[in-house]
Amino acid sequence: MTTLIADTTTVFSRELRPLLRDPFTIIFSMVQPLVFLALFTPLLPDEGGNALQWFVPGIIVMSCLFACSMTGSNLLFEIQTGSHERMLVTPLRRPALLIGRALKEIVPMFAQAALIVVVCLPFGFRFDPLGAVIGLAILAAFCVGLGALSYTLALASKNQEWLFWTVQQTLLFPLLLLAGVLLPIENGPGWLRALAAGNPLSYVVDAERALFNGDIWASTTLGGVIAAAVVAVIGLLVGVRAMRRSD
Amino acid sequence: MIETRGLTKHFKDVRAVDGIDVTVRAGELVALLGPNGAGKSTTLRMLTTLIPPTSGTATVAGFDVVRRQREVRLRIGYIGQGNGAGHSQRGRDELISQGRAYGMSVRDARARAAELIESLGLAEVADRRVSSLSGGQRRRLDIAMGLIHAPELLFLDEPSTGLDPQNRANLQEHILALRARHETTIVLTTHYLDEADSMAERVIVIDHGRIIADDTPQRLKDEHVGDRILLGFDAETDAAGAAGVLRAERQGKQVLLHLPDAPRRAPVVLEDLRAAGYPAAEIEVTRPTLDDVFLHLTGRSLREGGAATDKELVEV
Ligand SMILES: Nc1ncnc2c1ncn2[C@@H]1O[C@H](COP(=O)(O)OP(=O)(O)OP(=O)(O)O)[C@@H](O)[C@H]1O
Ligand SMILES: [Mg+2]
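What counts as what
- Residues numbered from 1 in each chain as written.
- Chains lettered and ligands numbered in written order.
- Predicted model: local features only at pLDDT ≥ 70, side-chain atom pairs only at ≥ 80, totals over all residues.
- Heavy atoms only, no water.
- Donors = N, O, S within 2.8 Å, 3.2 Å for Na, K, Ca; no water.
- Helix = DSSP H or I, 4+ residues; strand = E, 2+ residues; numbered from the N terminus.
- Buried < 20%, exposed > 50% of the residue type's maximum accessible area, 1.4 Å probe, protein only.
- Pairing = 2+ DSSP bridges.
- Salt bridge = Lys/Arg side-chain N within 4 Å of Asp/Glu carboxyl O.
- UniProt positions renumbered as here; feature names shortened; annotations may be inferred.
- Contact = heavy atoms within 4.5 Å.
- Buried area = accessible area lost by both parts, 1.4 Å probe.
- Polar contact = N/O pair within 3.5 Å; in protein donor to acceptor, adjacent residues only side chain to side chain.
- Nonpolar A, V, L, I, M, F, W, Y, C, P; charged D, E, K, R; others polar.

Quick notes on the coordination of the magnesium ion (ligand 2)
Part 1 of the reasoning: Protein-derived coordination of the magnesium ion (ligand 2) comes from Ser41(B) (OG) and Gln81(B) (OE1), at a distance range of 1.9 to 2.3 Å. Of this pair, Ser41(B) sits in helix 1 (residues 40-47) while Gln81(B) sits in the loop between strand 6 (76-79) and helix 3 (91-101), and the two are 40 residues apart along the sequence.

Here it is as structure tokens:
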């Protein structure tokens, strides 16, 4: 009996294998956010060495988000060649196709998160290990949902790749900025704060910051869990439906 | 094994498949034949659960293709018109993960992959990136992927397009052997008329999304066209006499005779003519091809418009 987990593992390891066989590309892309961090952190208002504490969880969220919003991009090519069609004919459970592909984008990002944390430790960054693990689990759920939406976008834009890239780019940046990933939202105008309050990512980002700081049993955690779960469920429902309907 | 009732698929204003009723029994080998855009791939895509029908029903391996998709998927194999193997993957990896997708253990999938790599002549390229393979090598890899779980029902959409004659022959052998060994039911589409003719016991001719003929190749040819004997004479008077004896059409010095089982009966015809005093100078026996059948049914040739030329696989 193939279970959802076994199917997800099959999809995930298929996706990851080319990377493992040629790991240079990942190693290169892992260094990118470190550069970003090095150049951006000095610009943040530093109130008693807090900048890293605030910024590192945000950077981790950002790189996961970039990665999982690309879930559909490999798919575009596989839709054209026929290998996606071949996978759809197998008995693999539909959610496994979505989750497996999204996880393949996220797992390297977690390795990257570990790298960022290690690099920041000598500069005074401190974190709570349990909180961090819970935070990453919440982030993973959110990213599975977003990855599934990216997958859906790829299905909707087959034969017109520009559509995928346009929509992906147009949505990603507002999503990031309105979650206070790069700059704090608190001091913004009322309308901006209202938009941020409607952005599920805001709750995830707040939860990450609190969790990395060790505030585990707080309402921010609950908010993050709920927001991530809602996005994951919606993403998977929409994705499975799109697969059924796609011509 | 397959049963469809009024199976229909419309894409916006295109009637790709327009009410197909077909029954395929277990163990049959059926070829779908038709020009580009006839609706062959769309039919297969509905039968393999890839797209929902606009109307009508289909039962495949005992299960409804819309309501029991997973049950259908567990029992079939599908080799699509495109490339099943991912281009950034390696062939062997794809074979193993395909086996895993059908619930095989890693060990079984590995062993089966090795077996297929061997028998499809992929040993040298199986551990290279798929994108570096030639069109024909990629096609053979696709076929290996479709066979990995030895399905009871196999769909192949133009399996031999892009293969050279030797590999086509090899593939045909493979398919026939598979069938002999596992009693696999096989539905394939092809542009090669000779392939449909030599492999399939049953040919379904599709045009504009409808079935216009469905029978054994031999009966299709006998019924719609028949064997012909073209006789040439030295003098028109002989031709006229022969046409009278045979009750056949005459054109100048030639007589055209429609006759079932012509190759066996031609010598008798020659003897009869000699006895009657109108000896033939030349003889040409023509057996119809499936293209003649198609021409008879539609007034168009399958070969026209490049329908029967070797279409290259899409190179990306
Ligand atoms: N996804 C789609 N969207 C819109 N139209 C489609 C789609 N798929 C197929 N069609 C149209 O449906 C018709 C039948 O196409 P189909 O691919 O089934 O033909 P075919 O018999 O397989 O042809 P070929 O021999 O070229 O492979 C064609 O007119 C085609 O343009
Ligand atoms: Mg086709």
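Quick word on the pairing of strand 3 (residues 29-33) of chain B
All names here are of chain B.
Part 1 of the reasoning: Summarising burial for strand 3: five of the five residues are buried, a large majority.
Part 2 of the reasoning: Residue alternation in strand 3 divides its side chains into two sets, Leu-29, Ala-31 and Leu-33 and Val-30 and Leu-32, and both sets are buried.
Part 3 of the reasoning: Pairing of strand 3 with strand 9 (residues 202-207) involves four bridges; the strand directions are parallel. Within the sheet, the bridge partner assigned to Ala-31 lies in strand 9 and is Val-203.

A few points about the pattern of salt bridges
Part 1 of the reasoning: All chains considered together, the criterion is met by 29 salt bridges over all chains.
Part 2 of the reasoning: With a closest N to O distance of 2.8 Å, Glu94(B) and Arg86(A) form a salt bridge. In this pair, Glu94(B) sits in helix 3 while Arg86(A) sits in helix 5 (residues 83-89), so the two residues belong to two different chains.
Part 3 of the reasoning: For Glu94(B), a relative accessible area of 0% gives the class buried.
Part 4 of the reasoning: Its relative accessible area of 7% is what places Arg86(A) among the buried residues.

Quick word on the UniProt feature "transmembrane region" (unreviewed entry) in chain A
All names here are of chain A.
Part 1 of the reasoning: According to UniProt, the "transmembrane region" (unreviewed entry) feature falls on residues 24-43, 55-77, 106-125, 131-155, 162-185 and 216-240.
Part 2 of the reasoning: When the span residues 24-43 is considered, its composition is 85% helix and 0% strand, and the gap between its end C-alpha atoms is 31 Å.
Part 3 of the reasoning: Between the end C-alpha atoms of residues 131-155 the distance is 36 Å, and the span holds 100% helix and 0% strand.

Quick notes on the UniProt feature "domain: ABC transporter" (unreviewed entry) in chain B
Part 1 of the reasoning: The positions UniProt marks with the feature "domain: ABC transporter" (unreviewed entry) are residues 2-233 of chain B.
Part 2 of the reasoning: Helix makes up 37% of residues 2-233 of chain B and strand makes up 28%, while its end C-alpha atoms are separated by 53 Å.

Brief notes about unusual backbone geometry
Residues and elements named next belong to chain B.
Part 1 of the reasoning: One non-glycine residue, Glu-183, lies in the positive phi region at around 55°.
Part 2 of the reasoning: Along the polypeptide, Glu-183 turns up in the loop between helix 6 (165-182) and strand 8 (185-190).
Part 3 of the reasoning: Residue classification places Glu-183 among the exposed residues on the basis of a relative accessible area of 63%.
Part 4 of the reasoning: The phi angle at His-208 is positive, at roughly 50°, despite the residue not being glycine.
Part 5 of the reasoning: Along the polypeptide, His-208 turns up in the loop between strand 9 and strand 10 (210-215).
Part 6 of the reasoning: Residue His-208 is classed as exposed on the basis of its relative accessible area of 58%.

Let's talk about the interface of chain A and chain B
Part 1 of the reasoning: Taken together, the contact pairs 24 residues of chain A with 33 residues of chain B.
Part 2 of the reasoning: Across the chain A/chain B interface, buried area totals approximately 2600 Å², and carbon plus sulfur atoms make up 51% of it.
Part 3 of the reasoning: Linking chain A with chain B are four salt bridges, by the criterion used here.
Part 4 of the reasoning: Here chain A and chain B share 12 residue pairs in polar contact (both at pLDDT 80 or more) between them.
Part 5 of the reasoning: Where the side of chain A that touches chain B is concerned, the elements lending two or more residues are helix 1 (4-21), helix 4 (71-81) and helix 5 of chain A.
Part 6 of the reasoning: Here the side of chain A that touches chain B is composed, by residue class, of six nonpolar, eight polar and 10 charged.

A closer look at the sheet that holds strand 5 (residues 63-64) of chain B
Residue and element names in this part refer to chain B.
Part 1 of the reasoning: Sheet architecture is open: four strands sit in the order 2-1-4-5, paired in antiparallel fashion. The sheet is open, and its two borders are formed by strand 2 (14-24) and strand 5, each paired with just one other strand.
Part 2 of the reasoning: In this structure, strand 1 (residues 2-11) lies alongside strand 4 (residues 55-60), joined through five bridges in antiparallel fashion. Note that in strand 4 the partner of Glu-3 across the bridge is Thr-59.

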